[in-house]
Amino acid sequence: MILQPKKNIAHLPTRIEALQNLSSWLGGPRIYIKRDDQTGLAFGGNKTRKLEYLAADALNCKARTLITTGALQSNHCRQTAACSAQLGLDCVLVLVGKSDADLSGNYLLSKLLGAEIVFAEAGTRDTVLAETYNRLEESGRQPYLIPYGGSNSIGVAGYIEAMQELMVQIQGKNEVLKEPPDWIVFASSSGGTQAGLMLGAWITEFSGEVLGISVEESSETLRVRIAKIVEETAKFLDIPYSIIDSDVNIDDSYLGGGYGVLGVLEREAINLFARYEGILLDPVYTGRAAGGLIDLIRHGFFLNEDRILFWHTGGQPAIFADAYQSQLLSQPFQ
Ligand SMILES: *Cc1c(COP(=O)(O)O)cnc(C)c1O
């Protein structure tokens, strides 16, 4: 298997750290963390790895404008805006929201990074995206479409490479993690991260489990989506791996009040990681995934001798979104 060419943008390899304080406080298995919140590109996150491959493809296609879509507080859109600025390309973002939205968090950063914003409603997002793309094309701005979350067979290469990076770190006798973890746990949404980790696990003969915590959708929906991305990417990269939906390991028990709704589960995880480890999680993705991980530990889901790697996928600018900052320290975490 040969990955497509990429543009070197990310700060790699990201560190692996041991969460000793949190592990002993929880009294369960040893928890480690992979710091993909530190990938660079305007506060980092998992989209940077995908964008390395997508950006190379865009330049190869002679694009002059990157266009993508997401929620108002989308990390993917903020990182795409930063990537465009770095490459000297224009950036157009179709965001689900209204033009009078509070200028904070990722939305503020996307504007600061020079992105042009087009607003859409959730139901018409894809139509508005297609219309905007056509308009850009007609006016000669040579748009390159990056799908939602950067999760197509080009972007996924970033997480195949990430899995290879992890195995090289472990085989190179990483000072904190000397053997493969039994579990890799992380937030899963548009599915590219999980698809890449799964393909990478197969290629590197990783012996542990790759467990995505869904932040938005049912296990059934997400399994089908991820299996499809895996299949398309395997075909695109000529990897002889075949997959059935049930191979995709997803836990959807932590959807709480829905996408982006900050509940006690997320607030506890954010506060524990901050106070015991000095590590910041975000309210939408990593807060929920870490909350799920903590709950699984409390329910004895893992063996006590397991090594668990929590893959931090970034997202911290959302801490400063008006919608969240006032709630993070409310009861019982004052
Ligand atoms: C996009 C995102 C995810 C989900 O990754 P997918 O590849 O879309 O499944 C997780 N965490 C953060 C912080 C993200 O921005």
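What comes next is a walk through the structure. Since the model is a prediction, treat every value here as computed from it, not as a measurement.

## Brief notes about the site of the ligand
Near the ligand you find 16 residues, and of these Lys47, Lys50, Ser190, Thr193 and Thr313 are the closest. Serine 190 has a polar side-chain atom sitting 2.5 Å from an oxygen atom of the ligand. Glycine 192 is positioned with one of its backbone polar atoms (N or O) 3.4 Å from an oxygen atom of the ligand. Protein burial of the ligand: of its 380 Å² of free accessible surface, 98% is covered by the chains. Only helix H2 (47-60), strand S7 (183-188) and helix H7 (192-204) provide two or more residues apiece to the shell around the ligand. By residue class, the composition of the shell around the ligand is two nonpolar, twelve polar and two charged.

## Focus: the environment of leucine 255
Structurally, leucine 255 can be placed in the loop between strand S9 (249-251) and helix H9 (264-277). Ignoring any residue separated from it by four or fewer positions in sequence, one finds leucine 255 in contact with Ser214, Val215, Glu216, Glu217, Ser218 and Arg288.

## Considering the pairing of strand S4 (residues 90-96)
The buried count for S4 comes to five of seven residues, which makes it a mostly enclosed element. In the classification by handedness, the crossover that spans strand S3 (residues 65-71), the intervening helix H3 (residues 75-87) and the parallel S4 is right-handed. Looking at chain direction, S4 and strand S5 (residues 116-120) are connected through five bridges and run parallel. By the bridge assignment, valine 92 is partnered in S5 with glutamate 116. Each parallel crossover has a hand, and the one from S4 via helix H4 (residues 105-112) to S5 is right-handed.

So, how was this worked out
Residues numbered from 1 in each chain as written. Predicted model: local features only at pLDDT ≥ 70, side-chain atom pairs only at ≥ 80, totals over all residues. Heavy atoms only, no water. Near = heavy atom within 4 Å. Polar contact = N/O pair within 3.5 Å; in protein donor to acceptor, adjacent residues only side chain to side chain. Areas by Shrake-Rupley, 256 points an atom, 1.4 Å probe, with all protein chains shown as cover. Helix = DSSP H or I, 4+ residues; strand = E, 2+ residues; numbered from the N terminus. Nonpolar A, V, L, I, M, F, W, Y, C, P; charged D, E, K, R; others polar. Contact = heavy atoms within 4.5 Å. Buried < 20%, exposed > 50% of the residue type's maximum accessible area, 1.4 Å probe, protein only. Right-handed = clockwise from strand over helix to strand, strands pointing away. Pairing = 2+ DSSP bridges.

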